[in-house]
Amino acid sequence: MRFALDLAELGRGFTSPNPLVGAVVVQKGERVVGIGYHKRKGEAHAEVRALDDARGHTRDATLYVTLEPHNFHGTTPPCTKAIVEAGISRVVVATLDPNPRVHGAGIQELRNAGLDVETGILEAEAREQNRYYFTYVEQHRPYVILKLALTLDGRMAPMDGRRLQITGEEAKMWVHRLRGEVDAILVGAGTVRSDDPLLTPREVYPAHMPLRVIVGGDASLARARIIQEPPQTLWFPREMQGIPELPEHVRIRPLPRDDSEWVDWASLLNHLARHEQVQSLLVEGGHKLAVSLLQSGWVDELILLYAPWTMGEGRPGLPEALDLSESWVRIDTAPVGRDWLVRFRKKTKEVGG
């Protein structure tokens, strides 16, 4: 199953809105005869690739798969049918598919056909791997990653608004790789004004070009590079009046607001999931937006990239009072070139198995 999980990871960034899935066919004597992973939506699923790779050596074999095989005809035929027809006698599944169309039904169909099915093997690892997909299906919103680049004294920008690269080139490349793995990147209007970013994964080979999302602003943002240059941009301006005709790659929607006239995050995240099929959202600032998101409780993962210098006077990146000890767990601390990466994730209930 660990091999299947490693195979599934090869599809990172390419499969959305489908999940990551890996599969391994094993004959008696623990001999691997076929492997496969889901490469992208519309192409063959991991189970079918593994069965094809086995080249006929599937009779009475065991199939290890990281996610419950689907049992309906979507963009591809049902995997359960292919598994039964291949003569597989035993299927080992890491975790059930949260999709209501599949959940438990795929397993039951295999059992009804006489196959021995075992579930819950490395379930926690499988759910962790597909945390974007599980959040999207179960909570009807994207998995939210907040990334901040900070100096040692917690500053993210000079007080005068000058554009300043906080972290080094290695950290920059690390962020660009992350951009290529997520479905969308979100920034506030203040970041667009001060940095004029493109928000594209550059100098790396990206899995795809993520949707760029702007929150806030008015007609004055219309000349920004993120508006004027592809790829796709979705803009939620604070004021709709006076906005000129925009390029074809830009779509505009009214900003959902809460009672305080700031962003209604629940509505905005639901819109991204429902209408844009965004499973994973990377938020890159600035301070007001970051604080709002953290205080709203919608952040699932917090990534802090610390540069080895202090700024003194500058704009803080995090809220003044922030305690991550109760509901967050540090999952990674690592050097990235001259800088340091510290990664936190919201605590979740343990998954049995």
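Structure shown above.
Enquirer: Hey, could you run me through the side chain of Arg-179 in this one?
Expert: When you line up the elements, Arg-179 lands in helix α7 (residues 169-179). Beyond its immediate stretch of four places on either side in the chain, Arg-179 contacts Ile-185, Leu-199, Thr-200, Pro-201, Arg-202, Pro-210, Leu-282 and Glu-284.

Enquirer: In this structure, what is going on with the packing of aromatic side chains? I would like to understand it.
Expert: Working definition: an aromatic ring pair is given by the centre-to-centre distance plus the angle between the planes. Scanning the model with the defined rule gives two aromatic pairs in all. Seen from their ring centres, Tyr-132 and Tyr-143 are 5.2 Å apart, and the 45 degrees between their planes marks the pair as tilted. In this pair, Tyr-132 sits in helix α6 (residues 131-139) while Tyr-143 sits in strand β6 (residues 143-150), placing the two residues eleven residues apart along the sequence. A residue is classified by how much of its surface remains accessible, and Tyr-132, at 8% relative accessible area, is buried. Ring centres 6.1 Å apart and planes at 85 degrees place the aromatic pair Tyr-133 and Phe-134 in the edge-to-face group. For Phe-134, a relative accessible area of 4% gives the class buried. When the ring centre of Tyr-132 is taken as origin, the NZ or CZ atom of Arg-12, which lies over that ring, is 5.6 Å away. Between the NZ or CZ atom of Lys-288 and the centre of the ring of Trp-262, over which it lies, the distance is 4.5 Å.

Enquirer: Any chance you could explain the pairing of strand β8 (residues 184-188) here in plain terms?
Expert: Regular strands have side chains that alternate between both faces of the sheet. Burial of β8 is extensive: five of the five residues sit out of reach of the surface. Alignment of β8 against strand β9 (residues 211-215), held across five bridges, turns out to be parallel. Residue pairing in the sheet places Leu-186 in a bridge with Val-213 of β9. You can see the chain leave β8, run along helix α8 (residues 189-195) and come back into β9, and the turn it takes is right-handed. Sheet analysis places β8 next to strand β12 (residues 280-283), joined by three bridges and oriented parallel. Each bridged residue has a counterpart across the sheet, and for Ala-184 the counterpart in β12 is Leu-281.

Enquirer: Which parts of the structure should I look at to understand a nonpolar patch on the surface?
Expert: A cluster of nonpolar residues, Phe-3, Val-32 and Ile-35, forms a patch on the protein surface that exposes about 230 Å² of accessible area. Residue position: Ile-35 is located in strand β2 (residues 31-37).

Enquirer: Please explain the sheet that holds β6 as it appears in this structure.
Expert: Pairing between sheet strands relies on hydrogen bonds along the backbone, with the strands arranged either parallel or antiparallel. The strand order across the open sheet built from nine strands is β11-β10-β9-β8-β12-β6-β13-β16-β15, with neighbouring strands paired in mixed fashion. Edge strands, defined here as strands with exactly one partner in the open sheet, are β11 (250-252) and β15 (328-336). Between one strand axis and the next, the sheet turns by 20 degrees as a mean value, whatever way the strands run. Relative to β11, strand β10 (residues 233-236) runs parallel, the two being bridged by three bridges. Paired with Thr-233 across the strands is Val-250, a residue of β11. Together, β6, β8, β12, β13 (301-306), β15 and β16 (339-346) form the strand contacts of α7, whose direction differs from that of β13 by roughly 160 degrees.

What counts, and at which threshold
- Residues numbered from 1 in each chain as written.
- Predicted model: local features only at pLDDT ≥ 70, side-chain atom pairs only at ≥ 80, totals over all residues.
- Heavy atoms only, no water.
- Helix = DSSP H or I, 4+ residues; strand = E, 2+ residues; numbered from the N terminus.
- Contact = heavy atoms within 4.5 Å.
- Phe/Tyr/Trp six-rings, centres within 6.5 Å; stacked < 30°, edge-to-face > 60°.
- Buried < 20%, exposed > 50% of the residue type's maximum accessible area, 1.4 Å probe, protein only.
- Lys NZ or Arg CZ within 6 Å of the ring centre and 35° of its normal.
- Pairing = 2+ DSSP bridges.
- Right-handed = clockwise from strand over helix to strand, strands pointing away.
- Patch = residues over 30% accessible without salt bridge, like charges linked within 9 Å, V, L, I, M, F, W, Y side chains within 5 Å.
- Areas by Shrake-Rupley, 256 points an atom, 1.4 Å probe, with all protein chains shown as cover.
- Salt bridge = Lys/Arg side-chain N within 4 Å of Asp/Glu carboxyl O.
- Axes fitted to C-alpha atoms, helices over the stretch in contact; angles between N-to-C directions.

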